[in-house]
Amino acid sequence: MRSIRVETSAATILLTEAPEPKVRDRKTGEIAEDAVSGETLMSLGVVYIEDGESSLVKVVVPESGVAEGSALGAPVALPGLVALPWESTFNGQQRHGIAFRAAAFTPAVFPAFAGASA
């Protein structure tokens, strides 16, 4: 599957849902793991704001990439953010979407506003 790098330098990203283990199978409660490293994957919610538009996005990061101490509503950085297009068939119906994955989730600062004076 092809991954598409997401440029975040012009965006404001705010934490909307605290990181929690990503569930692979809802019926069994199995927790998702990275296919290569075997590390537990964490899911978090963010609002991605750029060019006056916003989107609520779920992002998956490895457990070792989760920084402690970010409060809901706080700005965060998502280094290595990529979009992963996917599709599957469920009960005979074709489904598709975009999954987002980052190398880490770290606290950030609000970007300086253009024209602001000190």
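Along every chain, residues carry numbers that run from 1 in the direction the sequence is written. Side-chain atom pairs in this predicted model are given and counted only at pLDDT of 80 or more, local residue features only at pLDDT of at least 70, and totals for whole chains, interfaces and linings cover all residues. Computation of side-chain values covers all heavy atoms of the structure but excludes hydrogens and water.

1. Considerations on the overall build of the protein chain
Now for step 1: Of the regular secondary structure elements, the protein chain holds 0 helices and 10 strands.
Now for step 2: Counting from the N terminus, the helices are the DSSP runs of H or I reaching at least four residues and the strands are the DSSP runs of E reaching at least two. Along the chain direction, N to C, the helices and strands of the protein chain fall in the order β-β-β-β-β-β-β-β-β-β.
Now for step 3: Considered along the principal axes of its C-alpha atoms, the protein chain spans approximately 55 × 30 × 20 Å.
Now for step 4: Taken across its 118 residues, the protein chain has 27% of its residues classed as buried.
Now for step 5: Working rule for contacts: check all heavy atoms of both residues, and any pair within 4.5 Å makes them a contact. Intrachain contacts of the protein chain at a sequence separation of at least 6 include 59% that bridge at least 24 residues.
Now for step 6: Accessible surface area values rest on a Shrake-Rupley calculation with a 1.4 Å probe, where residue burial reflects the displayed protein chains alone. Here the protein chain has roughly 8,200 Å² of accessible surface; of this, 54% comes from carbon and sulfur atoms.
Now for step 7: We treat Lys and Arg as the positive residues and Asp and Glu as the negative residues; His and chain ends play no part in the count. Where a charge lies is defined by one atom per residue type, namely NZ (Lys), CZ (Arg), CG (Asp) and CD (Glu). Each charge class in the protein chain can be summarised by its mean position, and for the 9 positive and 14 negative side chains these summaries are 7 Å apart. Any residue under 20% of the maximum accessible area for its type is buried, any over 50% is exposed, and the rest in between are partly exposed; the area is computed with a 1.4 Å probe on protein chains only.

2. Section: the nonpolar core
Now for step 1: Here, nonpolar core refers to any group of buried Ala, Val, Leu, Ile, Met, Phe, Trp, Tyr and Cys residues whose side-chain atoms link them within 4.5 Å. If you look at the biggest cluster of nonpolar residues, it comprises 16 residues, and the most contacted ones within it are Ile13, Leu44, Val46, Val59, Val61, Leu78 and Phe105.
Now for step 2: Listed by contribution, the elements that provide at least two residues to this core are β2 (12–21), β5 (41–50) and β6 (53–62).
Now for step 3: Of the residues forming this core, the biggest block, 4 residues, is contributed by β5.
Now for step 4: Not counting chain neighbours up to four residues away, the residues in contact with Leu78 comprise Ile13, Val46, Val59, Ala102, Ala104 and Phe105.

3. Description of the sheet that holds β5
In a beta sheet, neighbouring strands pair by backbone hydrogen bonds and run either parallel or antiparallel.
Now for step 1: At least two bridges found by DSSP between two strands are what make those strands a pair. The strand order across the open sheet built from 6 strands is β1-β8-β9-β6-β5-β2, with neighbouring strands paired in mixed fashion. Whereas interior strands pair on both sides, the edge strands pair on one side only; in this sheet they are β1 (4–5) and β2.

4. Quick look at the pattern of salt bridges
Now for step 1: Should a side-chain nitrogen of Lys or Arg be within 4 Å of a carboxyl oxygen of Asp or Glu, the pair is scored as a salt bridge. In this structure the tally under the stated criterion is 4 salt bridges.
Now for step 2: With a closest N to O distance of 3.4 Å, Arg5 and Glu7 form a salt bridge.
Now for step 3: Arg101 is the partner of Asp34 in a salt bridge, and the nearest nitrogen-oxygen pair spans 2.5 Å. Here Arg101 lies in strand β9 (residues 93–101) and Asp34 lies in the loop between β4 (30–31) and β5, a separation of 67 residues in the sequence.
Now for step 4: Note on Asp34: relative accessible area 16%, which makes it buried.

5. A word on the pairing of β5
As a general feature of sheets, a regular strand has side chains that alternate between the two faces.
Now for step 1: For β5, the tally of buried residues reaches 8 of 10 residues, placing the bulk of the element in the interior.
Now for step 2: Where β2 and β5 come together, 7 bridges link them in antiparallel fashion. Among the inter-strand pairings, Thr12 is bridged to a residue of β5, identified as Ile49.
Now for step 3: Hairpin connection of β5 to β6: 2 residues between the antiparallel strands, including Asp51 at a positive phi of 55°.

6. Description of the pairing of strand β8 (residues 82–90)
Now for step 1: Where β1 lies against β8, 2 bridges are found, and the strand directions are antiparallel. From the neighbouring strand, Arg5 faces β8, where its bridge partner is Val82.
Now for step 2: The pairing of β8 with β9 spans 9 bridges and is antiparallel. Looking across to β9, one finds that Phe90 is bridged to Gln93.
Now for step 3: If you look at the hairpin formed by β8 and β9, you'll find 2 residues sitting between the two strands, and Asn91 has a positive phi there, around 50°.

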